Amino acid sequence: MKLATSLTENMETAKSLLPIGTSFDIITRELLLGKSRACLLGINGMCKTEVLQRIFSDLQNPLYMENNVVEQLQLYMQARIGYAQVQLEQDWDNLLRQLLSGPVLLLVDGFDQALVLDVRSYPARGISEPDAEPVVRGARDGFVETMLFNANLIRRRIRSPRLTFRLCSVGTDSKTDVALAYVDDLADACVFLMNHYSGNETVNLGTGEELTIRELAELVAKVTGFAGEIRWDASKPDGTPRKLLDVSKLERLGWRYKTELEDGIRLAYEDFLKNPMRAER
């Protein structure tokens, strides 16, 4: 599907293809380039703010306008945006792919092409783990970074226009944004222990099984359909050689996990696709 020359029509198309106004990380900004109407679309947190600010300040130059209106988009692009990678694109599929990869789109009224500004800044998660429940992973996984940062991390991997991040808050007075972790087997084990254990000793909850980081990465790639190359940086130091809980006490009490790792990863992936980051009461 191609862009129209009408900015209004293009924005209506964008709203039909993207959760604009619903997903908090998709941002739009209406602009006036002289008298020419324009609109900027981008992913909040995946753009270099300082570069965007410079672009905003430079776009108003009247050198390539006639009667204060943008007439030649190609010349306007070449003259005003020389410090970022820029290209013209008119196909909506390509524009969506670009937008969800990080670049910013600039739509100008009167043109059936959009400027694709590559000012992306990819987020990256550190190697440290949260202090609480470091081995708990799964659907509705608990994250320790900011909500926007985590949204960026997920969108960087799942570049689907259906992916929506809806802001929610809980509490009558505080209106606090929260993220709750929910893992079936962990909850089941907690309920089991409350009903069958009253001792003072620590009871480890886990599977009692282990696998290497390589095996885990290959398993995640299999579940998500990732067909690219997994590269290993041998210059980085190794982490803890083993993280294996002794769950024999729990098994003697009569409880054993039910969800295999591959099934758990698939459930988590499907949960992100359907409801990526929600705060529940």
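Participant: What is the right way to read the packing of helix α7 (residues 213-224) against helix α9 (residues 261-274) from this model?
Facilitator: Geometrically, a packed helix pair is captured by the angle between its two axes and the distance between the axes. Remark: α7 packs on α9, axes separated minimally by 10 Å, with the N-to-C direction vectors making an angle of 50°. On the basis of the axis angle, α7 is oblique to α9. Handedness of the α7/α9 crossing: right-handed. On the side of α7, the interface is formed by Leu216, Leu219, Val220, Lys222, Val223 and Thr224, while α9 contributes Leu261, Glu262, Ile265, Arg266 and Tyr269. Residue classes in the contact of α7 with α9 are distributed as seven nonpolar, one polar and three charged.

Participant: Could you clarify how one ought to interpret the side chain of Ser23 in this entry?
Facilitator: Among the secondary structure elements, Ser23 is positioned in the loop between α1 (7-17) and β1 (26-33). Among the residues examined, Ser23 registers a relative accessible area of 2% and is labelled buried. One polar contact links Ser23 to Asp25, side chain to side chain, over a distance of 2.6 Å. Look past the residues within four positions of Ser23 in its chain and what remains in contact with it is Arg155, Leu163, Thr164 and Phe165.

Participant: Help me understand the pairing of β1 in this model?
Facilitator: Working note: regular strand, side chains alternate between the two faces of the sheet. Bridge count between β1 and strand β2 (residues 36-43): eight bridges; the pairing is antiparallel. Paired with Leu33 across the strands is Ser36, a residue of β2. In this structure, the hairpin formed by β1 and β2 is closed by a connection of two residues, where Gly34 is found at a positive phi of approximately 70°.

Participant: Looking at this model, I keep getting lost on α9. Mind explaining?
Facilitator: Counting along an α-helix, one turn takes 3.6 residues, and residues three or four places apart therefore face a common direction. Taking 1.5 Å of rise per residue, the 14 residues of α9 would be expected to cover 20 Å, and the 20 Å separating its terminal C-alpha atoms lies within 8% of that figure. Where α9 is concerned, the buried positions are Ile265, Ala268, Asp271 and Phe272. Considered in projection along α9, the buried side chains sweep an arc of 125° and stay on one side of the axis. Among the structural elements, α5 (147-157) and α7 are those in contact with the buried residues of α9.

Participant: I'm lost on the nonpolar core in this one. Help?
Facilitator: Nonpolar side chains in soluble globular proteins tend to end up buried together. Leu18, Leu41, Leu95 and Leu107 are the most contacted members of the largest nonpolar core, which totals 20 residues. Put simply, the parts of the chain that give this core at least two residues each are α1, β2, α4 (92-101), β6 (104-108) and β7 (114-118). Listed in part, the 18 residues of the second largest apolar core include Cys47, Leu52, Ile55 and Val70.

Participant: Is there a simple way to think about the side chain of Gln98 in this case?
Facilitator: Along the chain, Gln98 turns up in helix α4. Judged by its relative accessible area of 13%, Gln98 is buried. In this view, Gln98 contacts Gln87, Pro103 and Val116; residues no more than four positions away in its chain are not counted.

Participant: What exactly am I supposed to notice about the pattern of salt bridges here?
Facilitator: Opposite charge on two side chains permits them to pair, given that their charged atoms come into close proximity. Applying the stated criterion across every chain yields a total of eight salt bridges. A salt bridge links Arg37 to Asp109, with the shortest nitrogen-to-oxygen separation between them at 3.7 Å. With Arg37 in strand β2 and Asp109 in the loop between β6 and β7, the pair connects residues that are 72 residues apart, well separated along the chain. Judged by its relative accessible area of 29%, Asp109 is partly exposed. With a closest N to O distance of 3.3 Å, Glu262 and Lys222 form a salt bridge. Placement of the pair is Glu262 in helix α9 and Lys222 in helix α7, with a sequence separation of 40 residues. Overall, the relative accessible area of 24% leaves Glu262 in the partly exposed class. Since its relative accessible area comes to 56%, Lys222 is described here as exposed. Salt bridges sharing common partners tie together Lys222, Glu262, Asp263 and Arg266.

Reading guide: rules and limits
- Residues numbered from 1 in each chain as written.
- Predicted model: local features only at pLDDT ≥ 70, side-chain atom pairs only at ≥ 80, totals over all residues.
- Heavy atoms only, no water.
- Axes fitted to C-alpha atoms, helices over the stretch in contact; angles between N-to-C directions.
- Helix = DSSP H or I, 4+ residues; strand = E, 2+ residues; numbered from the N terminus.
- Parallel < 35°, antiparallel > 145°, perpendicular 65-115°, else oblique.
- Left-handed = near helix turned anticlockwise from the far one by under 90°.
- Contact = heavy atoms within 4.5 Å.
- Nonpolar A, V, L, I, M, F, W, Y, C, P; charged D, E, K, R; others polar.
- Buried < 20%, exposed > 50% of the residue type's maximum accessible area, 1.4 Å probe, protein only.
- Polar contact = N/O pair within 3.5 Å; in protein donor to acceptor, adjacent residues only side chain to side chain.
- Pairing = 2+ DSSP bridges.
- Expected span 1.5 Å × (residues − 1).
- Arc of directions from axis to C-beta.
- Core = buried A, V, L, I, M, F, W, Y, C linked by side-chain atoms within 4.5 Å.
- Salt bridge = Lys/Arg side-chain N within 4 Å of Asp/Glu carboxyl O.

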